[in-house]
Amino acid sequence: MTGAHLTGDGGLDDRVPFLARLESADRSVLLALGRELSFAPRIELLHQHEPSSHVLFIVHGWTKVTASAANGYEALLALRGPGDIIGESAALTGRPRSATVTALEPVRAVAVEHERFTDLLGRSPAVSFALLGLTADRTRAADRRRLEFASMSVRERFAVLLLDLARTHGRRTDEGIELDVPLSKQELAGSVGASREMVQRLLKELRERDAVATGRRALLIMRPDILRRIARAEHP
C-alpha cells in the first residue's frame, strides 16, 4: 500500500514477514528457486479447497486471506504483504488450500514449487527455523486474539479491529486515518465473529458519533479516541 503508514505500539513478532527473517544469502537462494508472477487487483492468487503445487513469496503489494464456511459465512483471516509467505501450510501437509488469497492492489510474487521448497528446508536449518519461528509467532498471536476476543462484546471487538487496521494499514489525511485496504462488511464481520447486519449497525452508530466515515469498501477513521474508549469498554 502507498502512503505514510502509522507505526504500531512496539509491533508484534507475527508481523515480521518471512523473508525479513532470513539472511540475505538465504533469501536470494530461496527466491532464485522460483519464477515471478504478477496479479492485478481483485485477482485470486490461491483458491480455498484447491490442491496446491507451489508456495508464494510476496515481493510487492498487499493481499487479503479469507476463508468461507459451508454455509457461505466468510471471514478475513489476515493481510499479507511484501516479504510474506503464503501457501506454506498446504505445501508442508499435502492438504488442499485452507484459504483464498486475493490481491488488494497490483501484486508481484515469486512462486516456488513444493518439491524445491521442501528440499531447501531439508538442506538449510536456518530457513527451516525461520519458518518454524514464523509459524509459532502466528499461532501465539492468534491464540492471544482469541483470548482477548472471548472477554469482549462484538462492539468492543469491532473497535479493536478498526484500531488494528488503522495502525497497520492506515494513511494519515487531513480528515483522519484512511484505511488502505478495501474490505467488505462481510469480511469485517467475519473477523470479529459477527453478522453483516451487526457490522452495519455498528458502523451506523460510529458514523452518527462522527467517529468514522464510510464509502464503498472505504473507511475513514476521524475519531480514534472514541474507538479506544469502546475497546476499553469506557463508554462516554
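By convention here, each chain's residues receive numbers from 1 onward along its written sequence. Reporting in this predicted model follows two pLDDT cut-offs: at least 70 for local features of residues, and 80 or more for side-chain atom pairs to be given and counted; totals over whole chains, interfaces and linings ignore these cut-offs and use all residues. The side-chain numbers reported here are obtained from all heavy atoms of the structure, hydrogens and water having been left aside.

Any pair of Phe, Tyr and Trp rings, taking the six-membered ring for Trp, is counted once the centres come within 6.5 Å. Such a pair is stacked with planes under 30 degrees apart, edge-to-face with planes over 60 apart, and tilted for the rest. Taken as a whole and assessed by the stated rule, the structure comprises two aromatic pairs. Aromatic side chains Phe57 and Phe117 sit 5.9 Å apart centroid to centroid with 65° between the ring planes, which places their arrangement in the edge-to-face category. Here Phe117 lies in helix 3 (residues 114-123) and Phe57 lies in strand 3 (residues 54-60), a separation of 60 residues in the sequence. Like Phe57, the residue Phe117 is buried in the burial classification. Taken together through their ring pairs, the aromatic side chains of Phe18, Phe57 and Phe117 make up a single cluster. Numbering of helices and strands runs from the N terminus; a helix is a DSSP stretch of H or I covering at least four residues, while a strand is a stretch of E covering at least two. Partly exposed describes any residue whose relative accessible area lies between the buried limit of under 20% and the exposed limit of over 50%, with all areas from a 1.4 Å probe on protein chains only and scaled to the type maximum.

Moving on to the pattern of salt bridges. When a carboxyl oxygen of Asp or Glu lies within 4 Å of a side-chain nitrogen of Lys or Arg, that pair is called a salt bridge. Counted according to the given criterion, the structure contains 19 salt bridges. Salt bridges linked by common partners bring Arg145, Glu148, Asp164 and Arg167 together as one network.

What follows deals with the environment of Asp225. Assignment of secondary structure puts Asp225 in helix 8 (residues 224-231). Residue Asp225 is classed as partly exposed on the basis of its relative accessible area, which comes to 23%. As for Asp225 and Leu163, which are separated by 62 residues in sequence, their C-alpha atoms are 9.7 Å apart.

Strands sit in the order 1-8-3-6 across an open sheet of four strands; the sheet is antiparallel. Edge positions in the sheet fall to strand 1 (35-39) and strand 6 (85-86), since each has one partner strand and no second. Strands qualify as paired when DSSP identifies two bridges or more between them. Pairing of strand 3 with strand 6, which is carried by two bridges, proceeds in the antiparallel orientation. When the sheet's bridge partners are listed, Phe57 is paired in strand 6 with Ile85. Relative to strand 8 (residues 107-113), helix 3 is tilted by about 75°, and along the sheet it contacts strand 3, strand 6 and strand 8. Note on contacts: a residue pair is in contact if any heavy atoms of the two residues lie within 4.5 Å. A fitted line through C-alpha atoms represents every axis, and for helices the fit uses only the stretch in contact; the resulting angles, taken between N-to-C directions, go from 0 to 180 degrees.

Further remarks concern the side chain of His54. Relative to the assigned elements, His54 resides in strand 3. The term polar contact refers here to a pair of N or O atoms within 3.5 Å; inside protein, the definition further demands a hydrogen-donor-capable atom paired with an acceptor-capable atom, and it admits residues adjacent in sequence only when both atoms are side-chain atoms. At 3.2 Å, the side chain of His54 forms a polar contact with the side chain of Ser53. The residues touching His54, leaving out its near neighbours within four places in the chain, are Leu46, Gly87, Arg97, Ala111, Val112, Glu113 and His114.

Turning to the packing of helix 5 (residues 154-169) against helix 8, a few remarks are in order. Packing of helix 5 against helix 8 leaves a shortest axis separation of 8 Å and a crossing angle of 135°. For the element pair helix 5 / helix 8, the angle class is oblique. Both helix 5 and helix 8 take part in a crossing whose hand is left-handed. Within the contact between the two elements, helix 5 uses Arg155, Glu156, Ala159, Val160, Leu162 and Leu163 and helix 8 uses Pro224, Leu227, Arg228, Ile230 and Ala231. Should an angle lie under 35 degrees it is considered roughly parallel, over 145 roughly antiparallel, and from 65 to 115 roughly perpendicular; all remaining angles are considered oblique. Handedness of a helix crossing follows the sense of rotation of the near helix relative to the far helix, less than a right angle counterclockwise being left-handed and clockwise being right-handed.

A positive phi is found at Arg42, a non-glycine position, where the angle reads about 75°. Within the fold, Arg42 resides in the loop between strand 1 and strand 2 (44-46). Overall, Arg42 belongs to the exposed group, its relative accessible area being 71%. At His49, a position not held by glycine, the phi torsion is positive, near 80°. Among the structural elements, His49 can be located in the loop between strand 2 and strand 3.

In this section: the pairing of strand 11 (residues 212-215). Sheet topology places strand 11 next to strand 12 (residues 218-221); four bridges connect them, and they run antiparallel. Within the sheet, the bridge partner assigned to Gly215 lies in strand 12 and is Ala218. Counting the residues that bridge the hairpin from strand 11 to strand 12 gives two residues, and of these Arg217 lies at a positive phi of roughly 55°.

It is characteristic of soluble globular proteins that their nonpolar side chains tend to be buried jointly. The biggest cluster of nonpolar side chains holds 32 residues, and the ones touching the most others in it are Phe158, Leu165, Leu206 and Ile221. Of all the secondary structure elements, the ones that give two or more residues to this core are strand 5 (74-80), helix 5, strand 10 (177-179), helix 6 (185-191), helix 7 (196-208), strand 12 and helix 8. Looking at which element gives the most residues to this core, the answer is helix 5, with eight residues. When sequence neighbours within four positions are dropped, the list of residues in contact with Leu206 reads Phe158, Leu162, Ala211, Val212, Leu227 and Ile230. Only buried Ala, Val, Leu, Ile, Met, Phe, Trp, Tyr and Cys residues count toward a nonpolar core, and they belong to the same one when joined by side-chain atoms within 4.5 Å.

Limitation: the analysis is restricted to geometry and does not speak to function.
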